[in-house]
Every structure is written in C-alpha cells, then in structure tokens.
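The lines below spell out each chain.
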Amino acid sequence: MTVSYTLKVANAKFGGFSKLLFRWKGSIYKLLYREFLVFCLLYGFISFLYRCVLNNEQQEVFERLARHCNKFAKLIPMSFVLGFYVTQAFQRWWGQYTSFPLPDNLMMVVTGNVHGTDERGRLLRRTLMRYANLSSVLILRSISTRVRKRFPALEDIVEAGFMTADELKKLNHLYSDFNKYWMPLAWFANLASQARKEGRVKDDIALRLLMDELNNYRAKCSMLFHYDWISIPLVYTQVVTVAVYSFFMFCLIGRQFVKPEKPDEDKIHLDLYIPIFTLLEFFFYAGWLKVGELIINPFGEDDDDFETNQLIDRNIQVSMLAVDDMHQNLPLLEKDKYWVDKGLSYPSATMKPVFMGSTHDMRYNDRLQVLLCKNFLGQSRMRGYLLQYLNPHHCLHLKLFYSLKMH
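In the annotation of an unreviewed UniProt entry, the entry for the protein chain reads Bestrophin homolog, and the organism field reads Cyprinus carpio. What UniProt states about the protein chain under its Catalytic activity (unreviewed entry) heading is, verbatim, "chloride(in) = chloride(out)". A UniProt comment under Sequence similarities (unreviewed entry) is attached to the protein chain, and it reads "Belongs to the anion channel-forming bestrophin (TC 1.A.46) family. Calcium-sensitive chloride channel subfamily."

What follows is the structure in structure tokens.
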C-alpha cells in the first residue's frame with residue numbers, strides 16, 4: 001500500500017520531519033538494510049585481516065594500497081551520475097502517475113449526453129463505462145504484477161464482471177500479434193455511434209465530445225503501455241550501478257584506519273574502529289540509488305508502488321454510480337441560505353483582510369513616480385496636477401517641485 005504521511009507534515013513546526021525518521025514501512029531503512037549490513041560485514045572483515053592477520057611487511061603494502069584507493073576513488077563523479085539518473089527516474093515516475101487512466105471525465109460526459117431512463121438507456125451507459133474500465137484492466141494486467149496476480153487469465157476478468165463470456169469469445173477470435181487493450185475502446189466508439197443513431201445522443205456535438213474524451217482515455221492507456229515498453233536506457237542504469245558499487249568497493253579498502261604515512265600525522269590521527277562518515281556516505285549514495293530503483297517502475301509490489309487493484313475497484317464503482325444510480329437522480333431544488341441575503345456571512349473568526357491587488361493601496365507619491373515615467377512633464381495640464389499634489393516643504397519633493405516650476 002502507498003505510504004502517505006501528508007497529515008504528519010500539514011503544519012511546519014520544530015522537528016516536523018524528524019517524526020518520519022522512525023517509520024519502517026516504505027522507509028529507506030527497509031530498502032537499504034541488507035546492502036548496509038553486507039558493507040559493514042565486509043569492512044569489518046578487512047579491518048580484522050589488517051589488524052590481526054597481516055604481518056608488518058604485509059601491513060605496509062596494504063597501507064599503500066589503502067591510500068591509493070582512497071585517493072583515486074574520489075575521481076568517480078558520484079553526485080552528478082546519481083543526481084541526473086534519479087531526476088530522470090522521478091520525471092518518469094510522475095509521468096506514469098499522470099498517465100493513469102481515470103474514467104471521471106468520461107463518465108461525466110456519458111451520463112450527461114447518453115439519455116434515457118429506460119432499461120435500454122441504462123444498458124447503454126453501463127456498457128460504455130464497462131468497456132472503458134475493461135480497457136484499463138487489460139493494460140494494467142500487462143504492466144502491473146499486482147493486477148496480473150489478481151487476473152492471471154482472461155477468464156478471471158469475466159468472473160470479476162468486467163467482461164462477458166461472449167465478449168471474451170469475440171476478443172479471442174480477433175487475431176492480433178500485439179496487445180489487445182484497445183479493442184474494448186473500439187467497441188465503445190461503435191456503441192456510441194449506435195446510440196447516436198437511436199437518438200440517445202442528441203446531436204453530433206455530443207457525439208464528438210464523447211469521442212474526444214474516449215481518445216484522451218485511450219491515449220493514457222497507450223502511454224502506460226509505452227512507459228512499460230520504453231525504459232531508461234539500460235546502459236545508463238548500468239553506468240550508475242557500476243559507479244556506486246565500484247566506489248564503495250574501493251572504500252572498503254581505502255577508508256580503513258591505517259597507520260599515518262608521516263610521523264607528524266600521529267598527533268591528528270584517530271584510529272576509529274567504526275567508519276562513521278563512510279557509513280553515512282554509503283547510506284546517502286546507496287540510498288539514492290535505491291530511490292531510483294524504487295521509482296523507475298511503480299507498478300510492482302513495493303510499499304510505495306501504485307495501488308493498481310484499489311484504483312481498478314474505485315474506477316468501476318464510481319463510473320457505474322455516476323452513469324446509473326445518479327443519472328437524472330437529482331435532489332429537490334430549494335432556495336439556498338443566501339437567497340435573500342446577497343452577501344455571504346462568514347463566522348467572525350475566519351474574517352481576514354481581502355487581497356485587492358498589489359496596487360490597491362498605492363500612495364499618491366508612488367502614483368507620481370508612475371506619471372513621471374510616462375514623460376508627462378511637457379504637458380501643462382499634467383504639470384499643474386503635479387504641482388497641486390507636491391509639497392514644496394517636503395524634502396523629497398523639493399527638487400522635483402522647483403524643476404516643474406522652471407518648465
């Protein structure tokens with residue numbers, strides 16, 4: 001399930017984000033703890049070898065190797081490589097979220113333009129929206145592991161009520177080497193044209209509106225399919241992974257606490273058994289890589305992946321409710337509370353000064369500057385207007401006052 005913490009950060013206060021650091025579900029700790037433990041164990045093992053197993057001559061060789069690794073590991077551009085990659089992955093993640101096919105616009109057009117309160121009209125509206133939802137189920141079944149596990153076969157979609165057995169036969173009978181998620185939308189278009197012929201759709205403008213919303217819906221389904229098909233180039237993902245892993249492989253040796261190279265450095269040398277700053281660096285960089293790994297495909301089963309099954313249930317429920325139960329089912333028209341009182345009366349606690357525009361309270365001397373910018377000094381009427389409002393005893397207006405008197 002998607003982890004939401006919006007309520008926890010509704011108000012900015014002291015240590016507001018610190019409460020989020022102690023959550024486990026959806027946290028970076030849950031993503032990273034295995035790699036972190038492996039890094040700590042390898043670092044401790046190499047440190048044990050250096051301190052307890054190697055002789056003096058071998059320790060000197062190891063010390064030179066450690067200094068060499070520490071010097072040249074800094075040449076790997078970690079921040080640039082990881083930052084650019086995660087930025088691209090986030091844009092891709094947001095694009096997939098905004099491409100999710102929601103039937104809200106389509107169901108409003110259907111319920112407002114496909115008329116008829118009889119059984120035929122009701123059947124048309126429900127079937128149109130069922131076709132739209134069926135298309136989204138087919139595309140999500142192709143890209144989401146959760147939906148695939150829920151509907152492992154097309155017969156499961158029939159059992160769930162998104163498709164009839166006859167529609168399944170027609171779908172299987174239509175041969176195509178490619179994904180068939182668009183076929184229910186073609187049924188939608190044909191059925192809408194049939195409703196126009198029957199007079200259920202009043203005019204061609206309403207039919208055009210239906211087709212436009214259908215195409216927008218189809219475009220989002222198509223975009224999800226292409227997001228799943230076309231990923232961030234594999235070579236860049238490999239470059240980022242190799243950069244991070246190789247950097248910390250060098251850190252396993254280069255960040256060991258070895259004897260100082262010069263005797264003068266003994267005074268500032270600390271032999272710490274736990275490399276605190278190296279572990280923090282691993283946490284930040286490896287955690288950054290894990291963020292990219294998490295968001296590059298949000299249709300899996302991670303804690304923060306999209307709740308596709310919940311969205312499918314929501315879409316079919318609200319679309320059927322809008323085109324069936326709520327169709328022409330209006331509440332009784334009554335005069336509202338402010339029918340007589342034209343001004344809305346709010347509680348005094350909510351009354352605040354109303355913003356009227358940045359120039360609403362502009363002073364006359366500010367307006368004067370604006371008028372001067374318009375080069376009105378050469379006009380006698382405007383000059384008289386300015387002289388009327390200028391105070392010759394005011395130190396800020398004195399110079400301008402006499403310059404106007406000279407014209």
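Moving on from the model shown.
Chemist: Please explain the overall build of the protein chain as it appears in this structure.
Modeler: Regarding its fold elements, the protein chain presents 16 helices and zero strands. In the protein chain, which comprises 407 residues, the share counted as buried stands at 34%. Within the protein chain, counting contacts between residues at least 6 apart in sequence, those at least 24 apart form 71% of the total. Summed over its atoms, the accessible surface of the protein chain is roughly 27200 Å², and 61% of this surface lies on carbon and sulfur atoms.

Chemist: Just checking my understanding: could you explain a positive patch on the surface for this structure?
Modeler: Positive charge collects at one region of the surface, where Lys8, Lys13, Lys19 and Arg23 lie side by side. Relative to the helices and strands, Lys8 is located in the segment before helix H1 (28-53).

Chemist: Mind showing me how you'd approach the nonpolar core here?
Modeler: Inside soluble globular proteins, nonpolar side chains tend to come together where they are buried. If you look at the biggest cluster of nonpolar residues, it comprises 46 residues, and the most contacted ones within it are Val110, Leu140, Ile157 and Leu210. Among the secondary structure elements, those contributing two or more residues to this core are helix H4 (104-113), helix H5 (119-143), helix H8 (165-173), helix H9 (183-197), helix H10 (204-229) and helix H13 (308-325). Among the elements that line this core, the one with the most residues is H5, at eleven residues. With residues near it in sequence (within four places) discarded, Val110 still touches Arg125, Leu128, Met129, Phe188, Leu210 and Val323.

Chemist: Is there a simple way to think about the pattern of salt bridges in this case?
Modeler: If charged atoms from side chains of opposite charge come close, those side chains can pair. For the coordinates displayed, the defined rule picks out 15 salt bridges. As a salt-bridge pair, Glu167 and Arg130 come within 2.8 Å of each other at their nearest N and O atoms. Highlighted residues: Glu167 in helix H8 and Arg130 in helix H5, separated in sequence by 37 residues. Accessibility assignment for this pair places Glu167 and Arg130 in one class, buried. A salt bridge links Asp212 to Arg208, with the nearest nitrogen and oxygen atoms 3.1 Å apart.

Chemist: I'm lost on H1 in this one. Help?
Modeler: Given a rise of 1.5 Å per residue, 26 residues ought to cover 38 Å, and the 36 Å separating the end C-alpha atoms of H1 matches this to within 8%. Among the residues making up H1, those that are buried are Leu32, Phe39, Tyr43, Ile46, Ser47 and Tyr50.

Chemist: How do you make sense of the packing of H4 against H5 when you look at a structure like this?
Modeler: Geometrically, a packed helix pair is captured by the angle between its two axes and the distance between the axes. Running from amino to carboxyl end, H4 crosses H5 at an angle of 165 degrees, the nearest separation of the two axes being 10 Å. For the element pair H4 / H5, the angle class is roughly antiparallel. H4 and H5 meet at a crossing whose hand is right-handed. Here Leu106, Met107, Val110 and Thr111 of H4 come into contact with H5, specifically with Arg125, Leu128, Met129 and Ala132.

Chemist: Is there a simple way to explain the environment of Ala186 in this structure?
Modeler: Relative to the helices and strands, Ala186 resides in helix H9. Taking relative accessible area as the criterion, Ala186 reaches 29% and is therefore assigned partly exposed. Considered as a pair, Ala186 and Arg218 are 32 residues apart in the sequence and their alpha carbons are 9.8 Å apart.

Chemist: Is there a simple way to explain the state of the cysteines in this structure?
Modeler: Under the defined criterion, the tally for this structure stands at zero disulfides. Cys251 forms no disulfide, and the closest cysteine sulfur to it belongs to Cys69, at a distance of 9.3 Å.

Chemist: Just to check I follow, could you spell out the UniProt feature "transmembrane region" (unreviewed entry) in the protein chain for this structure?
Modeler: Under the local residue numbering, the UniProt record ascribes the feature "transmembrane region" (unreviewed entry) to residues 36-54, 75-94, 235-258 and 270-288. Along residues 36-54, the helical share is 95% and the strand share 0%, with 26 Å between the first and last C-alpha atoms. Annotated as 83% helix and 0% strand, the span residues 235-258 places its first and last C-alpha atoms 37 Å apart.

Conventions and cut-offs
- Residues numbered from 1 in each chain as written.
- Predicted model: local features only at pLDDT ≥ 70, side-chain atom pairs only at ≥ 80, totals over all residues.
- Heavy atoms only, no water.
- UniProt positions renumbered as here; feature names shortened; annotations may be inferred.
- Helix = DSSP H or I, 4+ residues; strand = E, 2+ residues; numbered from the N terminus.
- Buried < 20%, exposed > 50% of the residue type's maximum accessible area, 1.4 Å probe, protein only.
- Contact = heavy atoms within 4.5 Å.
- Areas by Shrake-Rupley, 256 points an atom, 1.4 Å probe, with all protein chains shown as cover.
- Patch = residues over 30% accessible without salt bridge, like charges linked within 9 Å, V, L, I, M, F, W, Y side chains within 5 Å.
- Salt bridge = Lys/Arg side-chain N within 4 Å of Asp/Glu carboxyl O.
- Lys, Arg positive; Asp, Glu negative; His and termini not counted.
- Charge placed at Lys NZ, Arg CZ, Asp CG, Glu CD.
- Core = buried A, V, L, I, M, F, W, Y, C linked by side-chain atoms within 4.5 Å.
- Expected span 1.5 Å × (residues − 1).
- Axes fitted to C-alpha atoms, helices over the stretch in contact; angles between N-to-C directions.
- Parallel < 35°, antiparallel > 145°, perpendicular 65-115°, else oblique.
- Left-handed = near helix turned anticlockwise from the far one by under 90°.
- Disulfide = S-S within 2.5 Å.

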